[in-house]
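# Observations on the model geometry
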Amino acid sequence: MDFSLTEEHIMIRDAARDFAQTELLPGVIERDNKQEFPNELVKKMGNLGFLGIMVDPEYGGSGMDAISYVLIMEELSKIDASASVMVSVNNSLVCYGLEAFGTEEQKQKYLTKLATGEYLGAFCLSEPEAGSDATSQATTAIDKGDYYLINGTKNWITNGGRSDVYLVIAQTDRDKGHRGINAFIIEKGVKGFHIGPKEDKLGIRGSDTHTLQFNDVKVPKENRIGEDGFGFKFAMKTLSGGRIGIAAQALGIASGAYELALKYSKERKAFGTEICNHQAIAFKLADMYTEIEAARMLVMKAAWDKDQGNNYDMSSAMAKLYASKVAMEQTVEAVQIHGGNGFVKEYHVERLMRDAKITQIYEGTSEIQKIVISREVIKG
């Protein structure tokens, strides 16, 4: 058992940290206020290989492991969770899904561009009445012979307005239940595909979140991913890896808030000394550090399981469940340590607190993670 990072991992982490500090930090408050999508920064992340971290170099990716992915996600998320969620979706849900289950033609046509950042991708599963209950897909895909006809609505889609490629989950045969669901590749701009207004969100306000509508959208048969009826399994397998990315995002939000709180506690004085010297604050810092380290171990274990080829359904669920809980709790503590300053935007921690909440909701709510974990526990 070895808990040390390799030299390569340290270099990757430091490169991500440098990018976050020099590129993401300037303007992050303004982007949050204005809900601005960081187009130029996304291009730079693509150039650095952050949008195809685990993709084989054969398809234009960086060919890194899941540990590297987690390290990059944590460093980006310390500064700007809006930017890191774009990285997570493009890597975990879109690139992984295509590389693992797509045809060679699909990989050459789409994955090669997604991995380099030339294209941006979105994963379209959630619906107005099918969030946690992913089997209840109201979006339909009617088989018309050499193409499918897609109709329906998808909600809360990250990268929804800026993507070039959309992986859309839809019901082909309702009588077959989850075995009647398929996954499709849909390109932006096709006839009948409408992008709704941008959502006005509590947190991750710089990310691009939209409702999508499909009205008689024709999708050629060659754009279906996997065999007929594979869509639900595709979504679940893809989301297991996605949970590692969101767990790493939650870890980054928590550790970013902790670092700010520690720095502030060493500068702010009260009752004649720096507030870190008061036991009330010192014990908060001790608890924060311990909880974050525990979350880090779970996140790293899930990434290690993926790298080793182990089943990571349970470890990714545990990592996301716990890391998102830690993110929410420790960002609240960071605001508390900052006192009145924590309530104003210039000190960053209030934004991190708002960003933390979504990690308990998207890519499977905390309640869904408990279902996944409990089933594994009971199964033994």
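Residues numbered from 1 in each chain as written. Predicted model: local features only at pLDDT ≥ 70, side-chain atom pairs only at ≥ 80, totals over all residues. Heavy atoms only, no water.

The chain appears in an unreviewed UniProt entry as Cyclohex-1-ene-1-carbonyl-CoA dehydrogenase from Polaribacter aquimarinus. Here the chain is described in UniProt, under the heading Sequence similarities (unreviewed entry), as follows: "Belongs to the acyl-CoA dehydrogenase family." (UniProt positions renumbered as here; feature names shortened; annotations may be inferred.)

Its domain assignment divides the chain into domain 1 (7-120), domain 2 (122-231) and domain 3 (238-379). The centre of domain 2, based on its C-alpha atoms, is set 31 Å off from the matching centre of domain 3. In this complex, domain 2 contributes seven residues to the contact, which on the side of domain 3 involves ten residues. Together, the buried faces of domain 2 and domain 3 total about 660 Å²; carbon and sulfur atoms form 71% of this surface. The largest share of the area that domain 2 buries against domain 3 comes from Ser132, Leu202 and Ile204, three residues that together contribute 65% of it. The tally of links between domain 2 and domain 3 comes to zero salt bridges. The interface formed by domain 2 and domain 3 includes two residue pairs in polar contact (both at pLDDT 80 or more). Tallied by class, the residues present in the side of domain 2 that touches domain 3 amount to four nonpolar, two polar and one charged. (Domains from an automatic or database assignment. Contact = heavy atoms within 4.5 Å. Buried area = accessible area lost by both parts, 1.4 Å probe. Salt bridge = Lys/Arg side-chain N within 4 Å of Asp/Glu carboxyl O. Polar contact = N/O pair within 3.5 Å; in protein donor to acceptor, adjacent residues only side chain to side chain. Nonpolar A, V, L, I, M, F, W, Y, C, P; charged D, E, K, R; others polar.)

Below, the discussion takes up the pairing of strand β4 (residues 165-171). For a regular strand, side-chain orientation follows a simple rule: the groups alternate between the two sheet faces. In terms of residue burial, β4 counts as a mostly covered element, since seven of its seven residues are buried. Taking every second residue as pointing to the same face, both faces of β4 are buried, with Val165, Leu167, Ile169 and Gln171 on one and Tyr166, Val168 and Ala170 on the other. Sheet topology note: the strand β1 (residues 121-124)/β4 ladder contains four bridges and is parallel. Along β4, the bridge assignment pairs Ala122 with Tyr166. As paired elements, β4 and strand β5 (residues 181-187) share seven bridges and run antiparallel to each other. (Buried < 20%, exposed > 50% of the residue type's maximum accessible area, 1.4 Å probe, protein only. Helix = DSSP H or I, 4+ residues; strand = E, 2+ residues; numbered from the N terminus. Pairing = 2+ DSSP bridges.)

A general feature of soluble globular proteins is that nonpolar side chains tend to end up buried together. Judged by nonpolar contacts, the single largest core of 90 residues is most densely connected at Leu76 and Leu167. If near-sequence neighbours (up to four positions away) are discounted, Leu167 is found in contact with Leu93, Val94, Leu98, Ala122, Phe123, Cys124, Phe184, Ile185, Ile225 and Phe234. (Core = buried A, V, L, I, M, F, W, Y, C linked by side-chain atoms within 4.5 Å.)

Turning our attention to the UniProt feature "domain: Acyl-CoA dehydrogenase/oxidase N-terminal" (unreviewed entry) in the chain. The UniProt record annotates "domain: Acyl-CoA dehydrogenase/oxidase N-terminal" (unreviewed entry) at residues 6-118. The span residues 6-118 is 73% helix and 0% strand, and its two end C-alpha atoms sit 30 Å from each other.

This part takes up the state of the cysteines. Counting across every chain of the model gives zero disulfides. Here Cys124 is not cross-linked by a disulfide; its sulfur's nearest cysteine counterpart is in Cys95, at 15 Å. (Disulfide = S-S within 2.5 Å.)

On to the side chain of Asn155, then. Here Asn155 lies in strand β3 (residues 147-158). Discounting residues that sit within four places of it in the chain, Asn155 has contacts with Ser126, Glu127, Pro128, His210 and Thr211.

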